[in-house]
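# What the coordinates show
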Amino acid sequence: METLQEYLLEKGYTKIKLHLTKTNHFEIKATINGKRGLFILDTGASSSCVGFEAVETFKLKAEDSVIKAAGAGAIDMETKMSKKNKVKIGKWRHDKVVLVLFNLTHVNTALINHNSKPVDGIIGADILKKGKAIIDYQKKYLYLKI
């Protein structure tokens with residue numbers, strides 16, 4: 001019997017290693033507009049997000065947004081939006097990703113307080129859906145369809 005990994009690789013998926021932090025979050029490396037960053041993988045976040053402080057790093061064009069961010073202990077936070085971003089995770093890539101920009105300070109403060117590294121943003125359900133994602137929690141891999 002073939003393994004899940006063999007089956008998915010055969011079906012055109014690529015696998016990306018996930019790192020479990022001390023806060024029990026999965027960390028993932030991703031590239032946005034050619035720049036590498038560190039992100040939290042969050043299946044409960046409807047949109048992928050980047051912190052305001054990383055706008056220049058990832059060459060994001062910020063536009064005003066009507067969306068108010070809520071979650072991770074914060075509500076009604078101001079956000080901006082950035083459209084048409086190139087996102088690459090492992091061998092998977094997408095060229096027209098909309099990212100929500102918001103103040104990530106509360107997230108990073110919590111991570112630092114638990115001896116985890118600060119992150120540049122959150123990879124959410126929007127990207128996971130685009131990539132037909134499958135997460136292997138036991139072996140700590142994310143699979144995305146190329």
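Look a little higher up for the structure.
Residues numbered from 1 in each chain as written. Predicted model: local features only at pLDDT ≥ 70, side-chain atom pairs only at ≥ 80, totals over all residues. Heavy atoms only, no water.

## Here's the deal with the overall build of the protein
- Secondary structure summary: the protein contains three helices and 13 strands in total.
- For a compact globule of 146 residues, the expected C-alpha radius of gyration is about 15 Å, and the protein comes in at 15 Å, within 12% of that figure.
- Taking all 146 residues of the protein together, 42% fall into the buried category.
- For the protein, the proportion of contacts with a sequence separation of at least 24, taken over those separated by at least 6, is 59%.
- For the protein, the exposed surface amounts to about 8700 Å²; the carbon and sulfur share of it is 53%.
- Between the mean site of the 25 positive side-chain charges and the mean site of the 15 negative ones, the protein shows a separation of 6 Å. (Helix = DSSP H or I, 4+ residues; strand = E, 2+ residues; numbered from the N terminus. Rg over C-alpha atoms; globule rule 2.2 N^0.38 Å. Buried < 20%, exposed > 50% of the residue type's maximum accessible area, 1.4 Å probe, protein only. Contact = heavy atoms within 4.5 Å. Areas by Shrake-Rupley, 256 points an atom, 1.4 Å probe, with all protein chains shown as cover. Lys, Arg positive; Asp, Glu negative; His and termini not counted. Charge placed at Lys NZ, Arg CZ, Asp CG, Glu CD.)

## Quick notes on the packing of aromatic side chains
- Scanning the model with the defined rule gives three aromatic pairs in all.
- Judged by centre distance (5.7 Å) and plane angle (40°), the ring pair of Phe 26 and Tyr 137 falls under tilted. Of the two residues, Phe 26 sits in strand E3 (residues 26-32) while Tyr 137 sits in the loop between strand E12 (134-136) and strand E13 (141-145), which places them 111 residues apart along the sequence.
- The class of Tyr 137 is exposed, set by a relative accessible area of 52%.
- In this structure, Lys 17 packs its charged tip against the face of Tyr 141, placed 4.5 Å from the ring centre. (Phe/Tyr/Trp six-rings, centres within 6.5 Å; stacked < 30°, edge-to-face > 60°. Lys NZ or Arg CZ within 6 Å of the ring centre and 35° of its normal.)

## Concerning helix H2 (residues 105-113)
- Taken as a whole, H2 has its buried residues at Val 107, Asn 108 and Leu 111. Seen from one end, H2 has its buried residues packed into an arc of 90°, which puts them on one side.
- The elements touched by buried residues of H2 are strand E4 (35-41).
- Downstream of H2 by a residue or two, Asn 115 has a phi angle that is positive, lying close to 60°. (Arc of directions from axis to C-beta.)

## A closer look at the nonpolar core
- Counting 24 residues, the largest nonpolar core has Ile 28, Val 50 and Ile 89 as the members making the most contacts within it.
- Only E3, E4, strand E9 (79-89), strand E10 (92-102), helix H3 (125-130) and E13 provide two or more residues apiece to this core.
- When residues no more than four places from it in sequence are discounted, the contact partners of Ile 89 are Ile 16, Ile 28, Lys 29, Ala 30, Ile 123, Ile 127 and Leu 144.
- Among the nonpolar cores identified, the runner-up in size contains 12 residues, and Ile 40, Val 100, Leu 104 and Val 119 belong to it. (Core = buried A, V, L, I, M, F, W, Y, C linked by side-chain atoms within 4.5 Å.)

## Describing the sheet that holds E12
- Taken in spatial order, the three strands make up an open sheet running E1-E13-E12, and their pairing is antiparallel. Unpaired on one side and paired on the other, strand E1 (13-17) and E12 mark the two borders of the sheet. Adjacent strand axes in the sheet meet at a mean angle of 25° when their direction is disregarded.
- Examined bridge by bridge, E1 and E13 share five bridges and lie antiparallel to one another. Bridge assignment links Lys 15 to a residue of E13, and that residue is Tyr 143. (Pairing = 2+ DSSP bridges. Axes fitted to C-alpha atoms, helices over the stretch in contact; angles between N-to-C directions.)

## Remarks on the pattern of salt bridges
- Across all of its chains, the model carries two salt bridges by this definition.
- The shortest N-O distance in the salt bridge between Glu 63 and Lys 83 comes to 3.5 Å. Taken together, the residues span a long stretch of sequence, with Glu 63 in strand E6 (residues 63-64) and Lys 83 in strand E9 at a distance of 20 residues.
- Under the relative-accessibility criterion, Glu 63 is labelled partly exposed at 36%.
- Residue classification places Lys 83 among the partly exposed residues on the basis of a relative accessible area of 44%. (Salt bridge = Lys/Arg side-chain N within 4 Å of Asp/Glu carboxyl O.)

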